[in-house]
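Below, each chain spelled out in residue letters.
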Amino acid sequence: MDLDIPPGFEFGVATSSWQIEGDVAGRGRCNWDDFAQIPGAIIGGATGEPACDHVHRLEEDLDLLAWLGVDAYRFSISWARVMPQGSGDLSASGLDFYDRLIDGLLERGIKPVATLFHWDLPSPLEVAGGWPNRDTAYLFADYAQAMGERYAGKVDRWATLNEPWCSAFLGYCAGYFAPGRKEPGASLAAAYHLILAHGLAIERLRAAGARNLGIVLNVIPVIAETPSMDAAARHVDGTQNRLFLDLLAGRGIPADVRESCASVTDWAFVRDADNPVLSAPIDWIGENYYTVMRVAEPQAGATATAAIAQDSADIPACPPLRFAPRPPFTEMGWEILPEGIEMALRKITDHLPGVPLWICENGAAVQEVIDDSGIHDPMRIEYFEGHFRAVMRAAERGFDVRGYYAWSLMDNLEWASGWTKQFGIVHVDPATGTRTPKDSAAWYRDFLAARP
Ligand code: FCB
C-alpha cells in the first residue's frame, strides 16, 4: 500500500479481557458472567469460559503479537481478576497474570496500552446498583489507583473506559448488554457516573505517576436522511456523542439533551461541583470507529434494522425514527464508510480541540473461506485498506491522529452475538482454541514490515 504515514505513527491490535481471557475460576465474577446465564442473552449460550483461553495461552499469544510486528498492544484489565470483589483486597494471582502480560510485551519491544474498564464490572458492584449508583465511580477510582501504582512505569498509555455509551445505554437502556436492565432514566445516570469515574481515575492515575492518560469513545457520525429527521438525528447525536464530549469538555450535559430526555429523568444525579472532575485534563482521546448512523423516517412495524446496536431501544427518550444503513454492509449489518472516520475525528476535535487522537479500534466481521490453503478474508483486507487511507487522509488534513489499532488480534466472544460474529485477524477455533493467522494477519504483518 502506498501510504504517507506520519512519523512516529503507531500501529497495533486490540482485545478486551472478557472477550478473550477465559479462566473464570481464576477471578471474581463479573456482570457478563451473570448476564451469560440468562437464557437467550448471548447467542448460542456462550459464556466467558473458555473464551480464547488467553490466560493459559499467554506466551503463545505474546509470540503472535511479536510475529505480527505491531508497535503496541491494547488490552483491558479485568477489574474482577485483580480485585475479585470490586473493592478491597487485590488478588496476587490476578496481578501475576498482568505482570506476565505487561513484562512479556516489554520483552518483545511492544508497547502495553491498558484499558481499565471494557464493560466487565465485578458482580458485587452490579448487585449494589452498577453504574447508575454513584458509589461505583469512587470504587473505580480506587481500582485505577491500585493499577497505576503497580504499572505506572510500564504501561505506555492508559485508557480509563472503553465506549461508555455501550455500558450505559446497551446495558441499562436497551438491556441488550449486561446487566440487561431496561431503564432509560438509570441509563443516563450510568453515563454520567461513568464519566465521573473516568475523571476521578485520571486524577488518581496521575498522582500515581502514570502517564499518557485518556479515554476511548465510540463517537458515531449521525446523518439525517431527510430534513424532516433533523431533530431526531440531533437527539441521537446528543445522547450518542455530545453528552460524553460535552461532559469531558467541562460543559456539563448539553442543554438540548437535558430537555429532550426530561421525560425519562429529572437529572437529580448531576452535581455542578463535579464539573472539574468530569473534565480532568486528558493527554489523548481514542475513537473506536466502525460505521455511521443514518436516521430516517419511521415506518410502521420497523424500528430496528439488521444493524447490531442501531435500534431506537438503545436510545433514552428516542423519538420515532428508523436507522437506515446503506450498503455495503459487514456481517454486523454495519454500513462500510471509511470517510466516517474523519467525520468522527472532526466531531471530537470540535469539542476537545488540541487533544491528540488515536483510532483505538477499527475492523470488520466478514465472510471468510476456510480451505486447505488457509483462511481467506479478502473483504477484511479491503476494509482495512480503505480505513487506513481514510486515517492518513485525515492526518494530511491536519488531524492530530497518532495511531491505529485493528480490532481484533483474534476471533473472540463478540458480546451478545457470542461466537457468531468474528473480527479477528487470527482465527480461533472455539472448540480447541487453536490459533491460525488469516490472510488479513499476513497482510497486516507485511504492511508493518514494509514501513520505512
Ligand atoms: C466495540 C467493542 C469491542 C468489539 C467491537 C466489535 O464496540 O469495544 O469490544 O465488540 O465493538
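Preceding this section is the structure that the text describes.
Note that this is a predicted model, so its numbers are computed, not measured.

Basis of the calculations
Residues numbered from 1 in each chain as written. Predicted model: local features only at pLDDT ≥ 70, side-chain atom pairs only at ≥ 80, totals over all residues. Heavy atoms only, no water. Helix = DSSP H or I, 4+ residues; strand = E, 2+ residues; numbered from the N terminus. Rg over C-alpha atoms; globule rule 2.2 N^0.38 Å. Buried < 20%, exposed > 50% of the residue type's maximum accessible area, 1.4 Å probe, protein only. Areas by Shrake-Rupley, 256 points an atom, 1.4 Å probe, with all protein chains shown as cover. Lys, Arg positive; Asp, Glu negative; His and termini not counted. Charge placed at Lys NZ, Arg CZ, Asp CG, Glu CD. Salt bridge = Lys/Arg side-chain N within 4 Å of Asp/Glu carboxyl O. Near = heavy atom within 4 Å. Polar contact = N/O pair within 3.5 Å; in protein donor to acceptor, adjacent residues only side chain to side chain. Nonpolar A, V, L, I, M, F, W, Y, C, P; charged D, E, K, R; others polar. Axes fitted to C-alpha atoms, helices over the stretch in contact; angles between N-to-C directions. Contact = heavy atoms within 4.5 Å. Phe/Tyr/Trp six-rings, centres within 6.5 Å; stacked < 30°, edge-to-face > 60°. Pairing = 2+ DSSP bridges.

## A word on the overall build of the chain
In step 1: Within the chain, the regular secondary structure consists of 15 helices and 15 strands.
In step 2: Against the compact-globule benchmark of 22 Å for 452 residues, the chain has a radius of gyration of 20 Å, which places it among compact chains.
In step 3: If you line up the chain on its principal axes, its C-alpha atoms span 55 × 50 × 45 Å.
In step 4: Across the 452 residues of the chain, 63% fall into the buried class.
In step 5: Total accessible area on the chain stands at roughly 15,900 Å², and carbon and sulfur atoms take up 52% of it.
In step 6: Both charge centroids of the chain, one from 37 positive and one from 61 negative side chains, sit 3 Å from each other.

## Examining the pattern of salt bridges
In step 1: Counted by the stated rule, this structure contains 34 salt bridges.
In step 2: Residues Asp-274 and Arg-134 are paired through a salt bridge, measuring 2.9 Å at the closest nitrogen-oxygen approach. Here the residue Asp-274 occupies a position in the loop between helix 11 (255-260) and helix 12 (275-278), and Arg-134 occupies one in the loop between helix 6 (123-127) and helix 7 (135-151), the gap between them amounting to 140 residues. Arg-134 shares its class with Asp-274; the two are buried.
In step 3: Ionic pairing is found between Lys-438 and Asp-411, a salt bridge with its closest N-O pair at 2.7 Å. Here the residue Lys-438 occupies a position in the loop between strand 15 (435-437) and helix 15 (439-449), and Asp-411 occupies one in the loop between strand 13 (401-407) and strand 14 (426-428), the gap between them amounting to 27 residues. Comparing Lys-438 with Asp-411, the two get one shared label, buried.
In step 4: Within the structure, one salt-bridge network assembled from shared partners comprises Arg-234, Asp-237, Arg-242, Asp-256 and Lys-347.

## A word on the site of the ligand
In step 1: Around the ligand sit Gln-19, His-118, Trp-119, Asn-162, Glu-163, Asn-288, Tyr-290, Glu-361, Trp-407, Glu-414, Trp-415 and Phe-423, and that is every residue in its neighbourhood.
In step 2: At 2.7 Å from an oxygen atom of the ligand is found a side-chain nitrogen or oxygen belonging to Glu-163.
In step 3: The separation between an oxygen atom of the ligand and a polar side-chain atom of Trp-415 is 2.9 Å.
In step 4: Coverage of the ligand by the protein amounts to 95% of the 290 Å² it exposes when considered alone.
In step 5: Grouping the amino acids of the shell around the ligand by side-chain chemistry returns five nonpolar, four polar and three charged.

## Overview of the packing of helix 14 (residues 378-396) against helix 15
In step 1: Closest axis-to-axis distance for the helix 14/helix 15 pair is 9 Å, and the angle between their directions is 35°. Residues Arg-380, Ile-381, Phe-384, Glu-385 and Phe-388 of helix 14 lie in contact with helix 15, whose contacting residues are Asp-439, Ser-440, Trp-443, Tyr-444 and Phe-447.
In step 2: By residue class, the composition of the contact of helix 14 with helix 15 is six nonpolar, one polar and three charged.

## A look at the packing of aromatic side chains
In step 1: Tallying each qualifying case throughout the model produces 41 aromatic pairs.
In step 2: Judged by centre distance (5.4 Å) and plane angle (55°), the ring pair of Tyr-290 and Trp-334 falls under tilted. Of this pair, Tyr-290 sits in the loop between strand 7 (284-288) and strand 8 (293-296) while Trp-334 sits in the loop between strand 9 (322-323) and helix 13 (340-351), placing them 44 residues apart in sequence.
In step 3: Under the relative-accessibility criterion, Tyr-290 is labelled buried at 11%.
In step 4: Note on Trp-334: relative accessible area 13%, which makes it buried.
In step 5: Relative to Phe-423, the ring of Tyr-290 has its centre 5.9 Å away and its plane inclined at 80°; by these criteria the two rings are edge-to-face. Of the two residues, Tyr-290 sits in the loop between strand 7 and strand 8 while Phe-423 sits in the loop between strand 13 and strand 14, which places them 133 residues apart along the sequence.

## Topic: helix 8 (residues 164-172)
In step 1: Within helix 8, nine of the nine residues are buried, which leaves it mostly tucked inside the rest of the structure.
In step 2: Buried residues belonging to helix 8 abut strand 3 (111-117), helix 6, strand 4 (157-162), helix 9 (184-207), strand 5 (213-217) and helix 10 (230-248).

## Brief notes about the sheet that holds strand 4
Whether parallel or antiparallel, the strands of a sheet pair through hydrogen bonds between backbone atoms.
In step 1: In space, the eight strands of this closed barrel follow the order 1-2-3-4-5-7-10-13, with parallel pairing throughout. Averaged over all pairs of adjacent strands, the angle between their axes in this sheet comes to 25°, without regard to strand direction.
In step 2: Sheet topology places strand 10 (residues 357-361) next to strand 13; three bridges connect them, and they run parallel. In the sheet register, Ile-359 faces strand 13, and the bridge partner there is Tyr-404.
In step 3: In this fold helix 5 (residues 92-107) packs onto strand 2 (72-76) and strand 3, with an angle of close to 170° to the strand it touches most, strand 2.

## Focus on the sheet that holds strand 9
In step 1: Pairing in this open sheet of three strands is mixed, and the strands run 6-8-9 from one edge to the other. Each edge of the open sheet is held by one strand with a lone partner, namely strand 6 (222-224) and strand 9.
In step 2: Bridge analysis of strand 8 against strand 9 gives two bridges, and the strand direction is antiparallel. Bridge pairing in strand 9 links Val-295 to Phe-323.
In step 3: Those strands touched by helix 10 are strand 6, strand 8 and strand 9, and its axis lies near 175° from that of strand 6.

## A word on the pairing of strand 13
In step 1: Most of strand 13 is tucked away, with six of its seven residues classed as buried.
In step 2: Of the strand pairs in this sheet, strand 1 (residues 10-14) and strand 13 are connected by five bridges, and their pairing is parallel. Following the sheet pairing, Phe-11 is matched in strand 13 by Tyr-404.

Function cannot be read off these values alone, since they describe shape.
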